[in-house]
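Residues per chain are reported as follows:
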Amino acid sequence: MDTLRDEMRCGICGQPMNAHGDHKQHHDDKPARKGSRVAYVVVELRGATAHFQAADDPGRTFKTGATDLAGQLGIDVSDLVGRSYTCWVEPTEYGVIRSDFKLA
């Protein structure tokens, strides 16, 4: 086991620490915010679940609670299908956090 190699990899994404700038810190020693704003479109509703995909990558579909998504966007569940929106997507150790939802 090569512990030096493991220490040089990101605990979130597994990439080498020198391969990306997500781990830079601000001058006050707080970590820089990781993530980016991503555009999504809701492609269908299945029961209480909304299926959505990234606008620039229609090959992968994600799902979330339809009521929760509609509440985040401030619209009715019946208006979700076909609706475009953006949100801040931030990788974490255990998955992804999506926040700051805005209609596009």
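Residues numbered from 1 in each chain as written. Predicted model: local features only at pLDDT ≥ 70, side-chain atom pairs only at ≥ 80, totals over all residues. Heavy atoms only, no water.

## Focus: the pattern of salt bridges
This structure, assessed with the given rule, holds three salt bridges. A salt bridge links Arg-37 to Asp-100; the shortest N-O distance between them is 2.3 Å. One end of the pair, Arg-37, is in strand E1 (residues 36-46); the other, Asp-100, is in strand E5 (residues 95-103), with 63 residues separating them in the sequence. Judged by its relative accessible area of 41%, Asp-100 is partly exposed. Salt bridges sharing common partners tie together Arg-37, Asp-100 and Lys-102. (Salt bridge = Lys/Arg side-chain N within 4 Å of Asp/Glu carboxyl O. Helix = DSSP H or I, 4+ residues; strand = E, 2+ residues; numbered from the N terminus. Buried < 20%, exposed > 50% of the residue type's maximum accessible area, 1.4 Å probe, protein only.)

## Regarding the pairing of E5
Looking at chain direction, strand E4 (residues 84-92) and E5 are connected through seven bridges and run antiparallel. Following the sheet pairing, Trp-88 is matched in E5 by Ser-99. Taken together, E4 and the strand that follows it, E5, pair antiparallel across an intervening segment of two residues. (Pairing = 2+ DSSP bridges.)

## Some words on the packing of aromatic side chains
Each aromatic ring pair is described using two quantities: the centre-to-centre distance and the angle formed by the ring planes. For the structure shown, the criterion picks out six aromatic pairs. Between the aromatic rings of Tyr-40 and Phe-62, the centroid separation amounts to 6.2 Å while the plane-to-plane angle is 85 degrees, which identifies the pairing as edge-to-face. Placement of the pair is Tyr-40 in strand E1 and Phe-62 in strand E3 (residues 57-65), with a sequence separation of 22 residues. What makes Tyr-40 buried here is its relative accessible area of 4%. Its relative accessible area of 21% is what places Phe-62 among the partly exposed residues. With 5.7 Å between their ring centres and 35 degrees between their planes, Tyr-40 and Tyr-85 make a pair best called tilted. (Phe/Tyr/Trp six-rings, centres within 6.5 Å; stacked < 30°, edge-to-face > 60°.)

## Description of the nonpolar core
By size, the foremost hydrophobic cluster in this structure holds 16 residues, and its most contacted members are Tyr-40, Val-42, Leu-69, Leu-73, Leu-80 and Tyr-85. Elements represented by at least two residues in this core include exactly E1, strand E2 (49-54), helix H2 (66-73) and E4. Sequence-distant contacts of Leu-80, defined by excluding residues within four places in its chain, comprise Val-42, Leu-45, Ala-50, Ala-66, Leu-69, Ala-70, Leu-73 and Ile-75. (Core = buried A, V, L, I, M, F, W, Y, C linked by side-chain atoms within 4.5 Å. Contact = heavy atoms within 4.5 Å.)

## Section: the side chain of His-51
With respect to the helices and strands, His-51 occurs in strand E2. Overall, His-51 belongs to the buried group, its relative accessible area being 9%. Those residues in contact with His-51 that lie beyond four places of it in its chain are Val-41, Val-42, Val-43, Glu-44, Arg-46, Thr-61, Phe-62 and Lys-63.

## Digging into H2
The complete set of buried residues in H2 reads Ala-66, Leu-69, Ala-70 and Leu-73. What you see down the axis of H2 is that its buried residues fit within an arc of 100 degrees, all on one side. Opposite the buried face of H2, at more than 90 degrees from it, the exposed residues are Thr-67, Asp-68 and Gly-71. For H2, the secondary structure elements touched by its buried residues are E1, E2, E3, E4 and E5. (Arc of directions from axis to C-beta.)

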